[in-house]
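Chain residues, written in single-letter form:
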Amino acid sequence: MNLDDYRGVWVFIEQNDGKIEGVSLELLGAGRKLADKLQVPLSGFLLGEGIRNLAQQVIAYGADQVYLIDHPVLKHYRTESYMKGVITIAEHYKPEIILYGATPNGKDLASAVATDLNTGLTADTTMLDVDLDSRLLEASRPAFGGNIMATILCKKHRPQMATVRPKVMKALVPDTNRAGKIIEEEISLKEEEMRTKVLQIVNDVTKKTNLADAHVIVCGGKGMGDLQNFQLIHEFAETIGASVGGTRDVVEAGWLPHEQQVGQTGETVTPKIYFAIGISGAIQHVVGMKNSELIIAINKDPNAPIFDVATFGIVGDAMEIVPRLIEQFKSLRI
Ligand code: FAD
């Protein structure tokens, strides 16, 4: 394999029902920086049915060009058909880097493509950079239980690939005047050749909390002591119209369901305001909330690591402070 044959940064643009996933737009922002550093174009590639109208949005968010395959067989995501689409274009155009959102479909697709192209894949990346001399992608992610950050390189194979979690990278402000090229590709796909059939799509309506989209989150930790005291977190959240989150220890204690866990093995969140109450600030928690705009931490230990990422810190007993906050906010009648 001649590594110099591979040039360009590509982002897989995931769309569902004609709507581009937020993580794909975030990756265009991250990909733009890598492409500028490497002085190569940034390309989006978009698969689906009836998706031509989305190409301009991909350009507005930073792509120089969009490769698209519009085909009825690509109406719904299936590993087989999407993998064929990605591999066909990747083999033809030879990108040096491909980024995917670490969504269920993105992870499934990236791993299938990596296997087929016999290349490497760094999963759940939280930081991306490139080394200009070697042109190697530096994909960093927590490793060994989150105790260290590992930077993973793919030295001998191309394309270099990574999945990135939603809400970790920042999307650019869209510029609808940006010009770019739209390149329509054709591949041979036949429904009768597909081994997987989509018979019905059933939306999960049981998930009540969508932490990833919340503007204000009150997150409680093990420092709340017990389930009864944890009710203060719910009461405070309700008072200020916030969503409730918890650390893994809280979820393991059964005080909250897993869907409300924030961190490496839970949700990544970027609210405008994040209250961290009785939370020590372990790295596995911090990676999931450190990009919040304003972080207010309450902890009785002045040396708790959460204060390293907090915008404001209150040192004291949450059992005294939270009831006072509830009282104060209630009196404001907001
Ligand atoms: P603790 O670490 O026990 O901290 C409690 C804090 O409360 C302390 O700082 C203490 O000073 C303070 N406190 C105690 N009493 C009071 C009081 N009355 N008032 C105010 N403060 C008080 N964790 C996550 O959160 N999310 C993840 O996704 C996640 N994934 C993980 C993945 C792996 C592979 C591993 C190994 C770990 C993971 N963890 C995760 C666990 C993580 O390492 C920590 O154990 C966890 O975040 C600690 O939770 P905590 O802050 O609630 O509890």
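Everything in this summary refers to the structure shown in the same document. All figures in this text were calculated on a predicted structure; none of them were measured in a lab. Residue positions are counted from 1 within each chain, in the order its sequence is given. Confidence filtering applies because this is a predicted model: local features only for residues at pLDDT of at least 70, side-chain atom pairs given and counted only at 80 or more, and all residues used for totals across whole chains, interfaces and linings. In computing side-chain values, all of the structure's heavy atoms are included and hydrogens and water are not.

1. Points about the site of the ligand
The criterion for a residue being near a molecule or strand is simple. One of its heavy atoms has to lie within 4 Å of it. Near the ligand lie 26 residues; those nearest to it are K222, T247, T265, S280 and Q284. Here a polar contact means two N or O atoms within 3.5 Å. Within protein one must be a hydrogen donor candidate and the other an acceptor candidate, and residues neighboring in sequence count only if both atoms are side-chain atoms. Contact between the ligand and D249: an oxygen atom at 3.3 Å from a side-chain N or O atom of the residue. Contact between the ligand and V262: a nitrogen atom at 2.8 Å from a main-chain N or O atom of the residue. Residue-level accessible areas treat just the shown protein chains as cover; the underlying method is Shrake-Rupley with a 1.4 Å probe. Contact with the protein chains removes 78% of the 990 Å² of surface that the ligand exposes when unbound. Put simply, DSSP marks the helices as runs of H or I at least four residues long and the strands as runs of E at least two long, and each gets a number from the N terminus on. Looking at the shell around the ligand, the elements with two or more residues in it are α6 (248-252), α7 (283-286) and α9 (318-332). Note that Gly is not counted as nonpolar here; it falls among the polar residues with everything else outside the nonpolar set of Ala, Val, Leu, Ile, Met, Phe, Trp, Tyr, Cys and Pro and the charged set of Asp, Glu, Lys and Arg. Taken together, the residues of the shell around the ligand break down into five nonpolar, 15 polar and six charged.

2. Overview of helix α5 (residues 227-240)
With 14 residues, α5 should cover 20 Å at 1.5 Å per step; its first-to-last C-alpha distance of 21 Å lies within 8% of that length. The criterion used for residue contact is that any of the two residues' heavy atoms lie within 4.5 Å. The inward-facing, buried residues of α5 contact β13 (216-220), β14 (243-246), α6, β15 (273-277) and α9. Two or three places before Q228, at the opening of α5, D226 has a side-chain oxygen 3.2 Å from that residue's backbone nitrogen. G241, located one to two residues past α5, shows a positive phi value of around 70°. Expected span, for any helix, means 1.5 Å times one less than how many residues it has.

3. What about the packing of aromatic side chains?
Each Phe, Tyr or Trp ring (for Trp, its six-membered ring) is paired with any other whose centre lies within 6.5 Å, and the angle between the two planes then decides the class: stacked below 30 degrees, edge-to-face above 60, tilted in between. Throughout the structure, instances matching the rule amount to 11 aromatic pairs. Feature note: the residues W10, F12, F45, Y67, Y77, Y82, Y93 and Y100 constitute an aromatic cluster, connected by ring pairs.

4. Here we look at the pairing of strand β16 (residues 294-299)
Partly exposed describes any residue whose relative accessible area lies between the buried limit of under 20% and the exposed limit of over 50%, with all areas from a 1.4 Å probe on protein chains only and scaled to the type maximum. With five of six residues buried, β16 lies mostly within the body of the structure. Bridge count for β15 against β16 is five bridges, and the pairing is parallel. Directly across from F275, in β16, lies its bridge partner I296. As judged from the four bridges shared by β16 and strand β17 (residues 312-315), these two strands associate in the parallel manner. Bridge assignment links I298 to a residue of β17, and that residue is I314. Strands were regarded as paired on the criterion that DSSP finds at least two bridges between them.

5. With respect to helix α3 (residues 79-93)
Think of an α-helix as turning once every 3.6 residues; residues three or four places apart then point the same way. Counted at 1.5 Å a residue, the expected span for α3 with its 15 residues is 21 Å, and the 21 Å between its end C-alpha atoms agrees. Restricting attention to buried positions, one finds in α3 the residues S81, Y82, M83, G85, V86, I87, I89 and A90. For α3, the secondary structure elements touched by its buried residues are β1 (9-13), β2 (15-16), β4 (42-48), β5 (65-70), β6 (97-101) and α4 (104-117). After α3 finishes, the residue K94 shows a positive phi value of roughly 50°.

6. Here's the deal with the side chain of R32
Secondary-structure assignment places R32 in helix α1 (residues 22-38). A polar atom in the side chain of R32 sits 3.0 Å from the side chain of D64.

7. Here's the deal with the packing of α3 against α4
What describes two packed helices is the angle between their axes and the distance between those same axes. Each axis is a line fitted through C-alpha atoms, taken for helices only over the stretch in contact, and angles between the N-to-C directions span 0 to 180 degrees. Contact geometry of α3 with α4 gives a least axis separation of 9 Å together with a crossing angle of 55°. Relative to α4, α3 is oriented oblique. Considering only the axes of α3 and α4, their crossing is right-handed. The segment α3 lies against α4, with T79, Y82, M83, V86, I87, A90 and E91 engaging D108, L109, A112, V113, D116 and L117. The class makeup of the residues in the contact of α3 with α4 is nine nonpolar, one polar and three charged. Our angle categories are set so that under 35 degrees counts as roughly parallel, over 145 as roughly antiparallel, 65 to 115 as roughly perpendicular, and the remainder as oblique. Put simply, a crossing is left-handed when the front helix is turned counterclockwise from the back one by less than a right angle, and right-handed when it is turned clockwise.

8. A look at unusual backbone geometry
Following R158, the chain continues to P159 via a peptide bond in cis, the omega torsion being -5°. At K94, a position not held by glycine, the phi torsion is positive, near 50°. Positionally, K94 belongs in the loop between α3 and β6. Although it is not a glycine, N118 adopts a positive phi angle of roughly 55°. Following the sequence through the fold, N118 ends up in the loop between α4 and β7 (121-125). Among the residues examined, N118 registers a relative accessible area of 54% and is labelled exposed.

Any link to function would need more than the numbers given here.
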